[in-house]
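Fold and contact review
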Amino acid sequence: MKVAEAVGRALYAAGVGQVFGVVGSGNFHLTNAMVAAGSRFVAARHEGGAATMADAYARISGTVAALSVHQGPGLTNAMTGIAEAAKSRTPLLVLAAEVTEPRSNFYVDQEALARSVGAVTARVTSAEDAVTEALDAVWRAVCERRTVLLNLPLSVQVLDVPEDVWALTVVPPERASVEPEFAAVEALARVLDKSRRPVFVAGRGARSPGARDALAALAERHGALLATSAVARGLFHGDPWSLDVSGGFASPLAAELIQEADLIVGWGCALNMWTMRHGRLIGPDTTVVQVDDDASALGAHREVHLGVTGDVELTARRALETDDANRQAQQGEQARQGQQAQRGQPARQGLRTADIGAAIAARVRWRDVPYEDTSSRERIDPRTLSIALDDILPVERVIGVDSGNFMGYPSMYLSVPDENGLCFTQAFQSIGLGLATAIGAALARPDRLPVAALGDGGAMMGAAELDTVRRLGLPMVVVVYNDDAYGAEVHHFGPDGHPLDTVEFPPTDIAAVARGYGFEAVTVRTRVDLKAVEDWLAGPRSAPLLIDAKVVADRGAWWLEEAFRGH
C-alpha cells in the first residue's frame, strides 16, 4: 500500500468523514483513498469555494472536515478560505500535495504561506511515519481547534508503507472539556452575587445545547439578560430575556440594556471590537468577566477584571453548584444562631423586570424597530425585503451570509431556530465566501432549508459554485441584495465627494446568470414580486431558486459606521 492510500484510510478512521476540494494529479490518489474508505467528497468549482465549504461544514456539524488540494496553485487558490477558517479557529484539515524541488513550476513555500494566515503546519515525511504524522495533524485540529495544513510531498506519497504501519488501529480524537479551577469559580460566584444588573454574552465557545441550558439556568438565578456574538446567534432563541446579538448588529434596545449592565460576562466570547462596539457597550463602572477554555483568549481584546479558564458549560454549572453550597452554608449558620433560615433558592431580579420584559418582547428585534420604507417601483428597501422573506421562508433554516454593506439585513432580520441556524464566516471579512458558506452549512444540516444571502459583488465572485449547488441537488434559496455596487465603499467614500466609478457597475441580470446554471430565478423589485418565492416553496423545489433583489441603494447600513471604525 502506498503512502497516499494509507494516509487516506487513516484519516477516515480518525473521523474525517467529509472532504471538499478540487482534484489534481497531486491529490488524486489521496482523495480517492479517502472516498474508498468511506469519506464523502464534494467537488467544488474553485479551491477557494471548497475551503469555505469545509470551514462552514465543520462549524455547523461540530466535526473536523478536510480540504484536499493540488500542490502550489491548488493551495494558493484556497488561501482566503483557509485564512477565514484559521482566524476563526475552525478544526479543519488542509491536505495539500507538495513539491519540494524549488525549480518546479508548482513550488511555493507552503509552510510559510499557511503560517502567514494563522494556520499551523505538519508534513508527512516518510513511509514509516506517514500514518502517525497524519493522525497527529487530526489530533491537533480537533483538540487544539486549529486549521492544520498537512503537506504531502509527491515523492513520499508514492512510497510503500510497511504492513504493520497501515494496519494500526485508529481511534478518533476527542477534545477534553477544561475543568475550571475551584478558586476561579469561587471568584466568579462572588462577582455574580454582588451584581444587580448582569448581562451574559455568549460566543462561539458556548454553541452547544448543554452550554445554553447551563447559562440559562445561571442567568435566571442572578437575573441576567442574555445576548450572543454574531457567530452564536440563535443560542437563546425563544428565551424571553434574550437581547439577540450584542455589538454592531445590536438593536437600539439591546445596546441600551447592555450599556446599563454593572456586570458583563463573556462566555466563550472574545468581547472584541465588534461585539462590544469598540468598548462603548461597556459602562465606565462595569465589571468585565471572560470565561474561555483557552487561557490565551482571556483579555486578548480588552482588559478584564476576572478571567476564568474553563469550558463554558462546566464553568456555568460549577458556578451554580458553588452558589447552592454557599447558600446552604449560610442557612446552616443561621440555624446554628437560632435564626429563621431562608428556604429555597430565590432568583435575583436583576434586569428582569416587568417593564424590561415588555420592552424586549415589543422591540428587541430589528424587524420591530420602526423605519421609513424607501422602496420604489424599481427597487425594494432591504429591510422590507428581509422582513417579507422572514415571513415567507420556513422557520427551520440554515443561513450563510456573505460580507458587504447588505450583510446586517439577512443576519438580523431573518430569524434562526438555534445556534446552528446562522453560519457567519466573517473573521477575515472577505466578500465572495457566502455561497460556499451556505453549501457547507447545507450539507451539515440537510434537514433544513439552506439560504445563501449575498451582495451582488460577492455573488459574482462566487458564481462558479452555483454549479455546485445545482449539481448536489440542494434545494437552496439564494438571495442577492443587488445594488450594482460595492455598497460599503460607496457609502464610506461617497459622502466625502470621492469619485465612485471604481466601485459602481452597470446593472447585471443575475437572475439570468442563475438560470444558465440550472436555477429557477426571479427578479424582485417590489413586495408583490415575492409571490414567485411562495410558489417555489409550495412546489417540488426540484431546482434551487435565486432571488435577484434590486435593493434601494440610497444609504449605508446601520452597522457600517461601526465596521469602518475598525480600519
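The coordinates are above.
A brief look at the structure comes next.

**Structural notes on the overall build of the protein**
- When helices and strands are counted, the protein shows 23 helices and 18 strands.
- Against the 2.2 N^0.38 benchmark of 24 Å for 567 residues, the protein shows a C-alpha radius of gyration of 25 Å, consistent with a compact globule.
- Overall, the protein is about 85 × 70 × 45 Å in size when its C-alpha atoms are taken along their principal axes.
- Looking at the protein residue by residue over its 567 residues, the buried ones come to 58%.
- Put simply, 76% of the contacts in the protein that link residues at least 6 apart link residues at least 24 apart.
- Put simply, the protein shows about 23000 Å² of open surface, and 50% of that area lies on carbon and sulfur atoms.
- A distance of 3 Å separates the average location of the 52 positive side-chain charges in the protein from that of its 70 negative side-chain charges.

**Examining the nonpolar core**
- Leu67, Ile82, Leu435, Met476, Val478 and Leu546 are the most contacted members of the largest nonpolar core, which has 54 residues in total.
- Beyond its immediate sequence surroundings of up to four residues, Leu67 is in contact with Phe20, Gly21, Glu47, Ala50, Ala51, Ala54, Ala78, Ile82, Leu92, Leu93, Val94 and Leu95.

**Describing the sheet that holds strand β18 (residues 545-550)**
- Spatially, six strands are ordered β14-β13-β15-β16-β18-β17 in an open sheet, and the strand pairing comes out parallel. Of all strands in the sheet, those bounded by a partner on one side alone are β14 (422-423) and β17 (520-524).
- Pairing of strand β15 (residues 449-455) with strand β16 (residues 477-482) involves five bridges; the strand directions are parallel. Bridge pairing in β16 places Val451 opposite Val477.
- On top of the sheet, helix α15 (residues 382-392) reaches β13 (397-401), β16, β17 and β18; it is set at about 165° to β16, its chief contact.

**Examining the pairing of strand β1 (residues 18-21)**
- Burial along β1 is two-sided: the residues Gln18 and Phe20 and Val19 and Gly21 are all buried.
- With four bridges joining them, β1 and strand β2 (residues 40-43) adopt parallel strand pairing. Its bridge partner being in β2, Gln18 is matched across the sheet by Arg40.
- Handedness of the crossover is the feature at issue here: the chain leaves β1, passes through helix α2 (residues 28-37), returns alongside β2, and the resulting connection is right-handed.
- One ladder, built from three bridges, connects β1 with strand β3 (residues 65-69); its direction is parallel. Counterpart to Val19 in the pairing with β3 is Ala66.

**Concerning the side chain of Thr31**
- Turning to its location among the elements, Thr31 is positioned in helix α2.
- A distance of 2.7 Å separates the side chain of Thr31 from the side chain of Ser68, its partner in a polar contact.
- When near neighbours in sequence (up to four residues on either side) are disregarded, Thr31 contacts Val23, Phe41 and Ser68.

**Re the sheet that holds strand β5 (residues 120-123)**
- Strand order in this open sheet of six strands is β2-β1-β3-β4-β6-β5, and the pairing throughout is parallel. In this open sheet, the two edge strands, each paired with only one partner strand, are β2 and β5. Strand after strand, the sheet turns through a mean of 25° between neighbouring axes, direction not considered.
- Relative to strand β6 (residues 147-153), strand β4 (residues 92-98) is paired through seven bridges, and the arrangement is parallel. Counterpart to Ala97 in the pairing with β6 is Leu152.
- Here helix α3 (residues 47-61) sits on the sheet in contact with β1, β2, β3 and β4, set at roughly 170° to β3.

**As for the packing of aromatic side chains**
- For the structure shown, the criterion picks out seven aromatic pairs.
- In this structure an aromatic cluster arises from ring pairing among Trp366, Tyr409 and Tyr413.

**So, the environment of Glu256**
- The topology assignment puts Glu256 in helix α12 (residues 252-259).
- Between the C-alpha atom of Glu256 and that of Leu281, which follows or precedes it by 25 residues, the distance is 8.1 Å.

**Some points on the packing of α3 against helix α5 (residues 79-87)**
- Where α3 meets α5, the closest approach of the two axes is 7 Å, and the angle between their N-to-C directions is 25°. Judged on the interaxial angle alone, α5 and α3 are roughly parallel. Residues Ala51, Thr52, Asp55 and Arg59 of α3 pack against Gly81, Ile82, Glu84 and Ala85 of α5.
- Among the residues forming the contact of α3 with α5, the class breakdown is three nonpolar, two polar and three charged.

**A short note on unusual backbone geometry**
- With a phi angle near 55°, Leu271 is a residue other than glycine that sits in the positive phi range.
- Positive phi, close to 55°, is recorded for Asp484, a residue that is not glycine.
- By the element assignment, Asp484 lies in the loop between β16 and α20 (487-493).
- Residue Asp484 is classed as buried on the basis of its relative accessible area of 10%.

**Looking at the pairing of β4**
- Counted residue by residue, β4 has seven buried out of seven residues, so it is predominantly covered.
- Both β3 and β4 contribute to a ladder of five bridges, which runs parallel. Within the sheet, the bridge partner assigned to Ala65 lies in β4 and is Leu92.

**A few points about the pattern of salt bridges**
- A complete count under the given rule lists 36 salt bridges for this structure.
- The partner of Arg123 in a salt bridge is Glu98, with the nearest N and O atoms 2.6 Å apart. Highlighted residues: Arg123 in strand β5 and Glu98 in strand β4, separated in sequence by 25 residues.
- On the accessibility criterion, Glu98 (5% relative accessible area) is buried.
- Salt bridges linked by common partners bring Arg45, Asp467, Arg470 and Arg471 together as one network.

**Thoughts on the side chain of Ser195**
- Structurally, Ser195 can be placed in the loop between α10 (182-194) and β7 (198-202).
- Given a relative accessible area of 3%, Ser195 falls into the buried group.

**Description of the environment of Pro73**
- For Pro73, the location among the structural elements is in helix α4 (residues 73-77).
- Taking the C-alpha atoms as reference points, Pro73 and Phe106, separated by 33 residues in sequence, lie 6.9 Å from one another.

Parameters and conventions
Residues numbered from 1 in each chain as written. Predicted model: local features only at pLDDT ≥ 70, side-chain atom pairs only at ≥ 80, totals over all residues. Heavy atoms only, no water. Helix = DSSP H or I, 4+ residues; strand = E, 2+ residues; numbered from the N terminus. Rg over C-alpha atoms; globule rule 2.2 N^0.38 Å. Buried < 20%, exposed > 50% of the residue type's maximum accessible area, 1.4 Å probe, protein only. Contact = heavy atoms within 4.5 Å. Areas by Shrake-Rupley, 256 points an atom, 1.4 Å probe, with all protein chains shown as cover. Lys, Arg positive; Asp, Glu negative; His and termini not counted. Charge placed at Lys NZ, Arg CZ, Asp CG, Glu CD. Core = buried A, V, L, I, M, F, W, Y, C linked by side-chain atoms within 4.5 Å. Pairing = 2+ DSSP bridges. Axes fitted to C-alpha atoms, helices over the stretch in contact; angles between N-to-C directions. Right-handed = clockwise from strand over helix to strand, strands pointing away. Polar contact = N/O pair within 3.5 Å; in protein donor to acceptor, adjacent residues only side chain to side chain. Phe/Tyr/Trp six-rings, centres within 6.5 Å; stacked < 30°, edge-to-face > 60°. Parallel < 35°, antiparallel > 145°, perpendicular 65-115°, else oblique. Nonpolar A, V, L, I, M, F, W, Y, C, P; charged D, E, K, R; others polar. Salt bridge = Lys/Arg side-chain N within 4 Å of Asp/Glu carboxyl O.

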